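# Reading the structure
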Amino acid sequence: MVEALRGVKIVDLTRDPPGNYCTMILGDLGADITMIEELGPPGGRRREQMKGSGPPPQMKEFASTDSAFNPLRRNKRSMRLNLKMDAGRHIFYQLVEKADVVVEGFRPGTTARLGIDYLTLNRMNPGLIYCAITSYGQDGPYSNMPGHDINFVSQAGAASIMRHPGTPPPIPGNIIGDMAAGGMQAAIGILAALMARVQTGKGQFVDIAMTDGIVSLGSLYLGGYFQYGEVPKEEERSSIGTMPFNNFYETKDGKFISVSCREPWFYANLCRVLGCEDFIPYQSDAGKAGEIKSYFKQKFLTRDRDEWFEVLSQADIPVGKVYALDELTSDPQLNSRKMFMEIDHPVEGKVCQPGIAIKLSETPGTIRNLAPPPGGNTDEVLSELGYGEEHISKLKKDGVVRALGH
């Protein structure tokens, strides 16, 4: 089966979810991804911070880095390489000479100190596409500031967009900044650069700032602000649940259901099903919103969530169950779309993975291999570069590379 990105070689220097997710998308679509990883535990100030306390406890919120269940490492190979040594950089340069793309997520200036920055690599491979994913971009007054998702959603206005009246801004997990504004925007940028290279024959630098990405994601709201010149009060914004027709409601079994009836015809259908047709003329009446929402709340408490879903979905009403993670794999729509896949693993047995969201009719993506352990492909990658067994053994002895189990 032909894959869309078959033959595209990517060297992945990223350590964190934004870059990992970017290369996961590209790997799912057929790209050959080689991860360049540290030889062992964190060094420098990260190591100093951990002294005396040991590594931070593994949170069960995310799959561990070296787990076969970690989807962000699938369809990739891993080699451990010391980029601070001349011999390590030489190996890296050999990979770059044959690569189409390099992806990194370091602070601006870090790669220049290591001698693996865009200007250096571009001289070796003028067709190289070099993507840097950072908090705030390569220039500007914040470019060297550290940051995480909660900082980006704050700086880019998303936290205020999601804020409810009388409450602090919510913390939305790291889906918006890291994954959508970082990883997904980076994947789009790389694909665009690959297309441009077909026309120009030249590579280029892809500068992805997660804060920029969130501003772009907020385009719909910014358009309203630029048109009307004012920021709506929280209580006037139906998109965050201030109006009864677009909200979450608790059901009899303690679960929740979502309804979003912005269009008058959907709202009318909802009122008919809930037995309150008198409310139909007052959909956008802020003065009646409290009364209508109170009625809806009481009404939704009379049936279980799944019962309400069946009733409302049959009445042409936009409705959704609020699923916990352990319910997702039972959803018939998600299963129909193959959004959960079981892959055989020699140690773990059947490993469940999120499916591939991008559906291509002629060149569909695939999961070819699960997450490799760090360094699991070191010998294989070196052999492909022409290194013999003796040379590989010496590189390991000298601390230039490290393979699985070493």
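Bear in mind that the values here come from a model prediction, so they are computed numbers and not experimental data. (Residues numbered from 1 in each chain as written. Predicted model: local features only at pLDDT ≥ 70, side-chain atom pairs only at ≥ 80, totals over all residues. Heavy atoms only, no water.)

## Observations concerning the sheet that holds strand 12 (residues 401-402)
- An order of 6-5-4-1-2-3-12 is seen for the seven strands of this open sheet, with the pairing classed as mixed. The sheet is open, and its two borders are formed by strand 6 (205-209) and strand 12, each paired with just one other strand.
- By the bridge criterion, three bridges tie strand 1 (residues 9-12) to strand 4 (residues 101-104) in an arrangement that is parallel. Residue pairing for strand 4: Val11 is matched across the bridge by Val102.
- Contacts from helix 3 (residues 86-97) reach strand 1, strand 2 (32-37), strand 3 (76-81), strand 4 and strand 12 within the one sheet, and its direction differs from that of strand 3 by about 155°.
- Lying on the sheet, helix 8 (residues 175-200) is in contact with strand 4, strand 5 (129-134) and strand 6; it crosses strand 6 at an angle near 160°. (Pairing = 2+ DSSP bridges. Helix = DSSP H or I, 4+ residues; strand = E, 2+ residues; numbered from the N terminus. Contact = heavy atoms within 4.5 Å. Axes fitted to C-alpha atoms, helices over the stretch in contact; angles between N-to-C directions.)

## Points about the layout of surface pockets
- Within this model, the second largest pocket holds a volume of roughly 610 Å³.
- If you go around the second largest pocket, you meet 22 residues; those closest to its centre are Ile161, Tyr221, Leu222, Pro232 and Arg237.
- Those elements giving two or more residues to the lining of the second largest pocket turn out to be helix 7 (158-162), helix 9 (210-217) and helix 10 (219-228).
- Sorting elements by how many residues they give to the lining of the second largest pocket places helix 10 first, with six residues.
- For the lining of the second largest pocket, the residue count by class is eleven nonpolar, six polar and five charged. (1 Å grid on protein atoms, 1.4 Å probe; cavity = no way out; pocket = protein on both sides within 12 Å on 5 of 7 lines; lining within 4 Å. Points joined across faces, edges and corners; volume = space filled by probe spheres on them. Nonpolar A, V, L, I, M, F, W, Y, C, P; charged D, E, K, R; others polar.)

## A few points about the sheet that holds strand 9 (residues 319-321)
- Pairing in this open sheet of three strands is antiparallel, and the strands run 7-8-9 from one edge to the other. Single-partner strands in this sheet number two, and they are strand 7 (246-250) and strand 9. Across this sheet, the average inter-strand angle for adjacent strands is 20°, counted without regard to direction.
- Sheet topology places strand 7 next to strand 8 (residues 256-260); five bridges connect them, and they run antiparallel. Residue Asn246 lies in a different strand from strand 8, and its bridge partner there is Ser260.

## Side note on the nonpolar core
- Within the largest apolar cluster, 34 residues are counted, with the highest numbers of intra-cluster contacts made by Ile10, Leu26, Val101, Cys131, Ile133 and Ile190.
- Those elements that provide at least two residues to this core are helix 1 (17-28), strand 4, strand 5, helix 6 (149-155), helix 7, helix 8, strand 6 and helix 9.
- Among the elements that line this core, the one with the most residues is helix 8, at seven residues.
- Ignoring any residue separated from it by four or fewer positions in sequence, one finds Val101 in contact with Val8, Lys9, Ile10, Val11, Leu128, Ile129, Ile190 and Leu194.
- Grouped together as the second largest cluster of nonpolar side chains are 29 residues, Leu81, Ile116, Leu395 and Val401 included. (Core = buried A, V, L, I, M, F, W, Y, C linked by side-chain atoms within 4.5 Å. Buried < 20%, exposed > 50% of the residue type's maximum accessible area, 1.4 Å probe, protein only.)

## A short note on helix 8
- Regarding helix 8, the residues found buried are Gly177, Asp178, Met179, Ala181, Gly182, Gly183, Ala186, Ala187, Gly189, Ile190, Ala193 and Leu194.
- Packed against the buried residues of helix 8 are helix 1, strand 4, strand 5, helix 6, strand 6 and helix 9.
- One or two steps after helix 8, the chain reaches Gly201, where phi turns positive at roughly 80°.

## Quick look at the packing of aromatic side chains
- Per the counting criterion, the structure on display carries 14 aromatic pairs.
- Seen in terms of ring centroids, Tyr249 and Phe300 are 4.9 Å apart; in terms of plane orientation they differ by 20°. Their pairing is stacked. In this pair, Tyr249 sits in strand 7 while Phe300 sits in helix 12 (residues 286-300), placing the two residues 51 residues apart along the sequence.
- You can call Tyr249 buried: its relative accessible area is 2%. (Phe/Tyr/Trp six-rings, centres within 6.5 Å; stacked < 30°, edge-to-face > 60°.)

## Focus on unusual backbone geometry
- Phi is positive for Asp316, close to 60°, though the residue is something other than glycine.
- The phi dihedral of Lys338 falls on the positive side, at around 55°, and the residue is not glycine.
- One can find Lys338 in the loop between helix 15 (332-336) and strand 10 (340-345).

## Regarding the state of the cysteines
- Considering all chains together, one arrives at zero disulfides under this definition.
- The thiol sulfur of Cys131 is not disulfide-bonded, and the nearest other cysteine sulfur, from Cys22, lies at 5.5 Å.
- For Cys131, a relative accessible area of 0% translates into the label buried.
- Cys271 takes part in no disulfide bond, and the closest cysteine sulfur to it belongs to Cys276, at a distance of 4.2 Å.
- With a relative accessible area of 0%, Cys271 lands in the buried category. (Disulfide = S-S within 2.5 Å.)

## Here's the deal with a nonpolar patch on the surface
- Together, Val215, Leu222, Tyr225, Phe226 and Val231 make up a nonpolar patch on the protein surface, roughly 480 Å² of accessible area in all.
- When residues in the nonpolar patch are grouped by element, the largest group, three residues, is from helix 10.
- Summarising the element assignment, Phe226 is placed in helix 10. (Patch = residues over 30% accessible without salt bridge, like charges linked within 9 Å, V, L, I, M, F, W, Y side chains within 5 Å. Areas by Shrake-Rupley, 256 points an atom, 1.4 Å probe, with all protein chains shown as cover. Salt bridge = Lys/Arg side-chain N within 4 Å of Asp/Glu carboxyl O.)

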